[in-house]
Amino acid sequence: MRFTGIRRPEEFRLVTRAHVIAWRDVLVGRHLDRATIRHRLSALASLFEYLCDKNAVTHNPVKGVKRPKTDTNEGKTPALGDHQARKLLAKPKETSLKGKRDRAILGTLLYHALRRQELCRLAVKHFDHERRGVAYLIVSGKGDKTRYVPLHPIARALVLDYLETAGHGDDPDGALFRPLPQKRYRGSRESITPDGVYRLVRDYSGALGFEIGAHALRATAATNALDHKAEIAKVQEWLGHANISTTRLYDRRKSRPEDSPTFKVSY
């Protein structure tokens, strides 16, 4: 809005493709990272797509504007090694309500590769459904798309232990993971916030010496599944990705030095 001089909502109709290209070139001139520029153009495209849906503008001026190519086909979100994942999962105290809740949250993220928002949308009724004899999570993903994710036995046991201690397992419409019952939240049926999940992961990982965000656990789960021969198309469906190229960003197998053709040479 500052760049184009927009002051009133209806002036969004005056934005043209030329404005977007000029803005992109200014961002390039500021030497911003290519991925940052792509994200900003993507956000602008999403805004105009929304305005088109609401019949507030006639077209999306971002369509057709070339975006900078990324430097690599590999995502920058770090993935933990197996030993780090085990240490992280074991870090919360097993006896306290907070410890049981936090272990259940970490287990759900590490074994099911959920986004923070997806975890926070989980209600009690979305947990432990059964289809064909297999326990499932019902996950509401991006674009309100629902997917059924099989429950890992370890994560299921952690969540059941948490629910037994917390005492809200018989409240199907309430949130699955809730703030601790302090004065402010006593009796609350609301969910822990995505920011709360981020801080939770940050605090425990920082205490172990490798400070990461919650999205790193999604990358860890995806990388681990691919390392253990999961089909990439199945991982795409599991993660809720619309495009398999997004899933490939989590595939770190090609970067492992031990898999280099160097070590296949034999004379």
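Asks: Please give an account of the environment of Arg8 that cites residues and values.
Replies: Inspection of the secondary structure puts Arg8 in the segment before helix 1 (17-29). Residue classification places Arg8 among the partly exposed residues on the basis of a relative accessible area of 46%.

Asks: Report on the environment of Glu130, specifying residues and quantitative values.
Replies: Mapped onto the elements, Glu130 comes out in strand 1 (residues 129-131). Judged by relative accessible area, Glu130 falls into the exposed class, the value being 64%. Remark: the alpha-carbon pair of Glu130 and Leu151, spanning 21 residues in sequence, is separated by 9.6 Å.

Asks: Tell me about the nonpolar core, residues and numbers included.
Replies: Among soluble globular proteins, nonpolar side chains are generally buried collectively. Counting 46 residues, the largest nonpolar core has Phe177 and Leu217 as its most contacted members. Within the residue set of this core, elements represented by two or more residues are helix 3 (82-90), helix 4 (97-112), helix 5 (116-121), strand 2 (134-140), helix 6 (153-166), helix 7 (194-207), helix 8 (215-227) and helix 9 (232-239). Here this core gets seven residues from one element, more than from any other, and that element is helix 8.

Asks: Let's hear about the packing of helix 4 against helix 7: which residues, and what values?
Replies: Their axes nearest at 11 Å, the elements helix 4 and helix 7 cross at an angle of 100°. For the element pair helix 4 / helix 7, the angle class is roughly perpendicular. Residues Lys98, Arg101, Asp102, Ile105, Leu106 and Leu109 of helix 4 form the contact with helix 7, whose participating residues are Val197, Leu200, Val201 and Tyr204. A per-class count over the contact of helix 4 with helix 7 returns seven nonpolar, no polar and three charged.

Asks: Please provide a residue-by-residue account of the packing of aromatic side chains, values included.
Replies: Geometry of an aromatic ring pair is reported as the spacing of the ring centres plus the angle between the planes. Evaluation of the coordinates by the stated rule reveals three aromatic pairs. Taking the centre distance of 6.0 Å and the plane angle of 70° together, the rings of Phe12 and Phe48 count as edge-to-face. Here Phe48 lies in helix 2 (residues 34-53) and Phe12 lies in the segment before helix 1, a separation of 36 residues in the sequence. Assessed through its relative accessible area of 2%, Phe48 is described here as buried. An angle of 20° between the planes, with centres 5.9 Å apart, marks the rings of Tyr162 and Phe177 as stacked. Of this pair, Tyr162 sits in helix 6 while Phe177 is found in the loop between helix 6 and helix 7, placing the two residues 15 residues apart along the sequence. With a relative accessible area of 3%, Tyr162 lands in the buried category. With a relative accessible area of 0%, Phe177 lands in the buried category.

What counts and how
- Residues numbered from 1 in each chain as written.
- Predicted model: local features only at pLDDT ≥ 70, side-chain atom pairs only at ≥ 80, totals over all residues.
- Heavy atoms only, no water.
- Helix = DSSP H or I, 4+ residues; strand = E, 2+ residues; numbered from the N terminus.
- Buried < 20%, exposed > 50% of the residue type's maximum accessible area, 1.4 Å probe, protein only.
- Core = buried A, V, L, I, M, F, W, Y, C linked by side-chain atoms within 4.5 Å.
- Axes fitted to C-alpha atoms, helices over the stretch in contact; angles between N-to-C directions.
- Parallel < 35°, antiparallel > 145°, perpendicular 65-115°, else oblique.
- Contact = heavy atoms within 4.5 Å.
- Nonpolar A, V, L, I, M, F, W, Y, C, P; charged D, E, K, R; others polar.
- Phe/Tyr/Trp six-rings, centres within 6.5 Å; stacked < 30°, edge-to-face > 60°.

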